[in-house]
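Here's the letter readout for the chains.
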Amino acid sequence: MAGGSFVDSGNTKQFDGKVTVFVLVTCFVAAMGGLLFGYDLGITGGVTSMEPFLVKFFPSVYKQMKDESSHESQYCKFDNELLTLFTSSLYLAALVASFFASTTTRMLGRKTSMFLGGLFFLVGALLNGFAINVEMLIIGRLLLGFGVGYCNQSVPVYLSEMAPAKIRGALNMGFQMMITIGILAANLINYGTSKLENGWRISLGLGAVPAVMLCVGSLFLGDTPNSLIERGQREAAKKMLQKIRGVENVDEEFQDLIDACEASKKVEHPWKNITSPKYKPQVTFCSLIPFFQQLTGINVIMFYAPVLFKTLGFGDEASLISAVISGGVNVVATLVSIVSVDKFGRRILFLEGGVQMFLSQMAVGAMIAWKFGVSGEGSFTKGEANLLLFFICTYVAAFAWSWGPLGWLVPSEICSLEVRSAGQAINVAVNMLFTFFIAQVFLAMLCHLKFGLFFFFAGFVVVMTIFIALFLPETKNVPIEEMSKVWKSHWFWTKVVPDDVTDNSRKAVQES
């Protein structure tokens, strides 16, 4: 492979500053936006495997599941369009919301978008908790989706803009960390409520708790210097930059932000501008990273885990415990990523994670093929079930230190200010579109592809790992407004990005 995949961050400017308690607390509060997404990912699969919930809203699924006289394949137990619509409607709403959130984030600031996201999620969680019919459930899911769309748009951008370059990866991954904590908390709550008659109401309604935490927390956050400059509040921006960097002399970095803002103001239509040749790398990664992230198959495990384990012959309690175990592995592995991302870089985590996911999925597919075959009739012994759970956990761990957090980090850090909101909107929209698609068709795909579904996802993991190896430059320790130099140092993107990108950047540095 041609050289240039790794970029020397020494070619970019390093600004004065230290890691302050203020910036850590601020990023922690903002990252709570990930709790919303994570809680919903974790809670949905558990609720849709609870019998009282199925009896009330999806009686045909319950009847099909309990029909002992039916010889229907294990693979097809939960294949129901209305049930999958309950799960997937959220992601369709989040896709639509991401475009509105892009404008809100740019014009009103990042913290306002976070507050609105929390508010939408709060109302949606309450509607779901008190639902009396399927229509009420779906409306609640749509509002939850708007909340997720707003938070997924604003939080990664907020974290990337607030964090010092040397720990930007770790702080941005706080968002993914909160997603994994939300998933684990949801799995534990599902386990605790599964024996209660109306336990599903508690599980769905408790989504209001992280929503309230985010709404209240966002009221006390300051907005990012980038956002304040973008909205003409330069004095406030400089004070905020001094506060988050912990030093008085921030003139060089502040001037860089102003230069970036002035360049962005010349762009009247960010959506039109982002299609120009100099932004081809950004559009490519903001589109393909979330696309590939969903085709790892992770959300099959995350929001259908209890249903999947039940389908494979685990008992009710065993399926929920297995989901809790995989959720715990998810949290621990994300911690590994936070510790290592700014030390070893983004590429090595992507590549190692890809290899490990591929091997794990091949093992899972082979075990299911061996025991269930094409007919879908069979079961696992306790030892075999534990081995299957082990392979699923190695897969979850690989995702959690690679495509999980990096899928949000890389798109949020590579876009310059003038197209940052548009770039993040593309990232969220593509992510939600394919999350919706996978959620909507997974149970049908499991019914028809059977064990081949896991080989299907494994094939995509090979493709995405090769893509990263060839085309993603290393971005660790590169200041966010200096990212344009990375593309001109890469063997492929230097042929695509016009020379005036780095020339303009150099000119701005000389003028400052």
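The model shown is predicted, which means the values in this text are computed figures rather than measured ones.

Draft legend 1. Layout of the overall build of the protein chain. Across its full length, the protein chain carries 25 helices and zero strands. Relative to its full complement of 512 residues, the protein chain shows a buried share of 60%. When contacts within the protein chain are restricted to residue pairs at least 6 apart in sequence, long-range pairs at least 24 apart make up 82% of them. Accessible surface, the protein chain: about 18700 Å² in total, of which carbon and sulfur atoms supply 66%.

Draft legend 2. Region of interest: a nonpolar patch on the surface. Taken together, the side chains of Leu196, Ile202, Leu206, Val209 and Met213 define a hydrophobic patch exposed on the protein surface, amounting to about 380 Å² of accessible area. Inspection of the secondary structure puts Leu206 in the loop between α10 (199–205) and α11 (208–219). Since its relative accessible area comes to 33%, Leu206 is described here as partly exposed.

Draft legend 3. Quick look at the nonpolar core. Membership of the largest hydrophobic core comes to 73 residues, with the highest contact counts inside it found for Phe53, Phe57, Phe58, Phe285, Phe350 and Trp403. Not counting residues within four places of it along the chain, the set of residues in contact with Phe285 comprises Pro290, Pro411, Ile414, Phe467, Phe471, Leu472, Pro473, Trp487 and Trp493.

Draft legend 4. Examining the pattern of salt bridges more closely. According to the stated counting rule, one finds eleven salt bridges in the structure shown. The salt bridge involving Arg110 is made with Glu230; its shortest N-O contact spans 3.1 Å. Of the two residues, Arg110 sits in helix α6 (residues 110–129) while Glu230 sits in helix α12 (residues 225–230), which places them 120 residues apart along the sequence. A salt bridge links Lys371 to Glu384; the shortest N-O distance between them is 3.2 Å. Residue Lys371 is found in helix α19 (residues 346–372), and its partner Glu384 is found in helix α20 (residues 382–400); the two are separated by 13 residues along the sequence. The class of Lys371 is partly exposed, set by a relative accessible area of 22%.

Draft legend 5. Representation of the packing of aromatic side chains in the model. Counting across every chain of the model gives 29 aromatic pairs. Relative to Trp487, the ring of Phe285 lies with its centre 5.9 Å away and its plane at 20 degrees, an arrangement referred to as stacked. You can see Phe285 sitting in helix α16 (residues 280–294) and its partner Trp487 sitting in helix α24 (residues 484–488), a full 202 residues away along the chain. Per residue, the accessibility class of Phe285 equals that of Trp487, and both read buried. The aromatic ring of Phe57 is capped on one face by Lys56, whose charged end is 5.8 Å from the ring centroid.

Draft legend 6. Region of the structure containing the side chain of Arg110. Judged by relative accessible area, Arg110 falls into the buried class, the value being 0%. Apart from the residues lying within four places of it in its own chain, the contact partners of Arg110 are Thr105, Ser154, Val157, Tyr158, Glu161, Asp223, Thr224, Ser227, Glu230 and Leu417.

Draft legend 7. Structural view of the environment of Gly246. Summarising the element assignment, Gly246 is placed in the loop between α13 (234–245) and α14 (251–265). On a C-alpha basis, the gap between Gly246 and Val21 in space is 9.1 Å, while along the polypeptide they are 225 residues apart.

Draft legend 8. Looking closely at the packing of helix α2 (residues 33–47) against helix α9 (residues 174–193). One way to put it is that α2 packs onto α9 with a least axis distance of 6 Å and a crossing angle of 35 degrees. Between α2 and α9 the crossing geometry is right-handed. Packed against α2, whose contacting residues are Gly33, Gly34, Leu35, Phe37, Gly38, Tyr39, Leu41, Gly42, Ile43, Gly46 and Val47, the element α9 presents Phe175, Met178, Ile179, Ile181, Gly182, Ile183, Ala186, Asn187, Ile189 and Asn190 at the interface. Looking at the contact of α2 with α9, its residues break down into 13 nonpolar, eight polar and no charged.

Draft legend 9. Summary view of the packing of α9 against helix α21 (residues 403–414). Orientation of α9 relative to α21, taken along the N-to-C sense of each, is 140 degrees, at an axis distance of 8 Å. Taken together, the axis directions place α9 and α21 in an arrangement best described as oblique. Of the two possible hands of crossing, α9 and α21 adopt the one that is right-handed. Judged by residue contacts, Phe175, Gln176 and Ile179 of α9 engage Gly404, Pro405 and Trp408 from α21.

Draft legend 10. Up close: the environment of Thr284. Assignment of secondary structure puts Thr284 in helix α16. A polar side-chain atom of Thr284 sits 2.7 Å from the main-chain carbonyl oxygen of Lys280.

Draft legend 11. Representation of the state of the cysteines in the model. Evaluated as defined, the whole model comprises zero disulfides. Not part of a disulfide, Cys286 finds its nearest cysteine sulfur in Cys415, a span of 3.7 Å.

Draft legend 12. Looking closely at α19. Between its first and last C-alpha, α19 extends 38 Å over 27 residues, near the 39 Å set by a 1.5 Å rise per residue. One or two residues past the end of α19 sits Gly373, with phi positive at roughly 55 degrees.

Draft legend 13. Structural view of the confidence of the model for the protein chain. For the protein chain, per-residue confidence averages 83 on the pLDDT scale, and residues scoring 70 or more make up 86% of the total. Counting contacts from residues 1–10, a segment whose pLDDT is below 50, to residues more than four positions away or on other chains yields 27 contacts.

Draft legend 14. The environment of Ile480, seen in detail. In this structure, Ile480 sits in the loop between α23 (452–471) and α24. Residue classification places Ile480 among the buried residues on the basis of a relative accessible area of 12%. In this structure, the C-alpha to C-alpha distance between Ile480 and Ala165, residues 315 residues apart in sequence, is 7.0 Å. Once residues lying within four places of it in the same chain are set aside, the contact partners of Ile480 are Ser160, Arg168, Ser412, Glu413 and Arg420.

Basis of the calculations
- Residues numbered from 1 in each chain as written.
- Predicted model: local features only at pLDDT ≥ 70, side-chain atom pairs only at ≥ 80, totals over all residues.
- Heavy atoms only, no water.
- Helix = DSSP H or I, 4+ residues; strand = E, 2+ residues; numbered from the N terminus.
- Buried < 20%, exposed > 50% of the residue type's maximum accessible area, 1.4 Å probe, protein only.
- Contact = heavy atoms within 4.5 Å.
- Areas by Shrake-Rupley, 256 points an atom, 1.4 Å probe, with all protein chains shown as cover.
- Patch = residues over 30% accessible without salt bridge, like charges linked within 9 Å, V, L, I, M, F, W, Y side chains within 5 Å.
- Salt bridge = Lys/Arg side-chain N within 4 Å of Asp/Glu carboxyl O.
- Core = buried A, V, L, I, M, F, W, Y, C linked by side-chain atoms within 4.5 Å.
- Phe/Tyr/Trp six-rings, centres within 6.5 Å; stacked < 30°, edge-to-face > 60°.
- Lys NZ or Arg CZ within 6 Å of the ring centre and 35° of its normal.
- Axes fitted to C-alpha atoms, helices over the stretch in contact; angles between N-to-C directions.
- Left-handed = near helix turned anticlockwise from the far one by under 90°.
- Nonpolar A, V, L, I, M, F, W, Y, C, P; charged D, E, K, R; others polar.
- Parallel < 35°, antiparallel > 145°, perpendicular 65-115°, else oblique.
- Polar contact = N/O pair within 3.5 Å; in protein donor to acceptor, adjacent residues only side chain to side chain.
- Disulfide = S-S within 2.5 Å.
- Expected span 1.5 Å × (residues − 1).
- pLDDT = per-residue confidence, 0-100.

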